[in-house]
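# Breakdown of the fold
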Amino acid sequence: MNLKGKVAIVSGGGRDIGRACVIRLAEAGAAVAINYHSSSAGADSAVKEITAAGGRAFAMQGDMTNEAEVQAFVDRTVSEFGKIDIVVPVTGGLIERVPTAEMSVEHFRTVMELNLTSAFMLIKASLPHIQEGGAIVNLASQAARDGGGPGALAYGASKGALLTMTRGLAKELGPKIRVNALNPGMIDTDFHNNFTKPEVRAHVANVTPLKREGSPEDVANLVAYLASDEAAFITGGGFDINGGTLFS
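Residues numbered from 1 in each chain as written. Predicted model: local features only at pLDDT ≥ 70, side-chain atom pairs only at ≥ 80, totals over all residues. Heavy atoms only, no water.

### Observations regarding helix α1 (residues 16-27)
Stated formally: Only DSSP runs of H or I reaching four residues or more are called helices, and only runs of E reaching two or more are called strands; each is numbered from the N terminus. The span expected for a helix works out to 1.5 Å for each residue beyond the first. To sort residues, take the accessible area from a 1.4 Å probe on protein chains only and compare it with the maximum for the residue type: under 20% means buried, over 50% means exposed, and anything in between is partly exposed. The contact definition used throughout considers only heavy atoms, calling two residues in contact when any of these lie within 4.5 Å.
Here α1 contains twelve residues, and its C-alpha end-to-end distance of 17 Å stays within 8% of the 16 Å for a straight helix at 1.5 Å per residue. The buried fraction of α1 amounts to nine of the twelve residues, a majority that puts the element mostly inside the structure. Residues of α1 that are buried include every one of Ile17, Gly18, Ala20, Cys21, Val22, Ile23, Arg24, Leu25 and Ala26, and no others. Residues of α1 that are buried in the fold lie against β1 (7-11), β2 (31-36), α2 (40-52), β4 (84-89), β5 (130-139) and α9 (216-227).

If you want it as structure tokens, here you go:
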């Protein structure tokens, strides 16, 4: 993939899938704006890695559920790099597993804001600056397709809504901008370190045709492809990346 001359803006780029996306997009030639919330070490080290290789990047702390902070991130990106070509909203999370009967409305709203509203706000703020031929790549989840695991109703619902938003945006923004989403399955990240029991992870890997968990780099490679001109006729897609645990 050749992203030379492109500018990518990535939220949640300080760790795991987000950081892998930042590095892969930079390797392909893009200048990268990196948002992080609390993962400053990962974001700062990504900037050092990219600039040491001759690339361009900056990292900026911000809460992507706060509209003013989203706008500030976009404004700095345009100020430093002049435009936006690629938008990758990675910010998201489960927060905690809560059965529906025990779930507060506040928890439900917080999960929705973290996974859905944050992506909407970053995309909306970026739209005036996205160039012809630009691309948006959303990070949904296998939970968008199968409803998620125990206690993940809000998470699954938010990711399902993100997948639907992707399709709506693809129709609204074409032909100028392509919009796709990924549905990662069991990926080796802090998400599963925090919320999935080791025996469950081992079982899922064992019953997966490829016999392993995915890596953040596996996801980042597909993000970079969908962001590139090599995917010029692909929009509105929700791409499963799960090693075969769930087929489209």
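### Observations concerning the sheet that holds strand β7 (residues 238-241)
The condition that has to hold: Pairing between strands is defined by DSSP: at least two bridges between them are needed. Axis definition: a line fit to C-alpha positions, over the contact stretch in the case of helices; interaxial angles, taken between N-to-C directions, run 0 to 180 degrees.
Read from one edge of the open sheet, seven strands run β3-β2-β1-β4-β5-β6-β7, paired in parallel fashion. The open sheet has two edge strands, β3 (57-61) and β7, and neither has a second partner. Averaged over all adjacent pairs, the angle separating strand axes in this sheet is 15°, with direction ignored. One ladder, built from four bridges, connects strand β6 (residues 177-184) with β7; its direction is parallel. Within β7, the residue paired with Pro184 across the bridge is Ile241. Most of the contacts of α2 go to β3, to which it runs at about 165°, and overall it touches β2 and β3. Each of β4, β5, β6 and β7 touches α9; the most contacted strand, β6, lies at about 165° to it.

### Re the pairing of β5
Using the following cut-off: The handedness of a crossover follows from its direction of travel: if, with the strands pointing away from the viewer, the path from the first strand over the helix to the second runs clockwise, the crossover is right-handed.
In terms of burial, β5 is a largely internal element, seven of the ten residues being buried. Strand direction decides the pairing type here: β4 and β5, joined by three bridges, are parallel. Bridge pairing links Ile86 to Ala135 in β5. Once the chain exits β4 it traverses helix α4 (residues 105-126) before rejoining the sheet at β5, and the crossover so formed is right-handed. Judged from the six bridges that link them, β5 and β6 form a sheet pairing that is parallel. The residue of β6 that forms the bridge with Gly134 is Ile177.

### Observations concerning unusual backbone geometry
Looking along the chain, the bond that leaves Gly174 and enters Pro175 is cis, with omega of 5°. In this fold, Pro175 is placed in the loop between α6 (153-173) and β6. Phi at Asp16 takes a positive value of approximately 50°, unusual for a residue other than glycine. In this structure, Asp16 sits in helix α1. For Asp16, a relative accessible area of 23% corresponds to the partly exposed category. For Ile95, which is not glycine, the phi dihedral falls at a positive 75°. Within the fold, Ile95 resides in the loop between β4 and α4.

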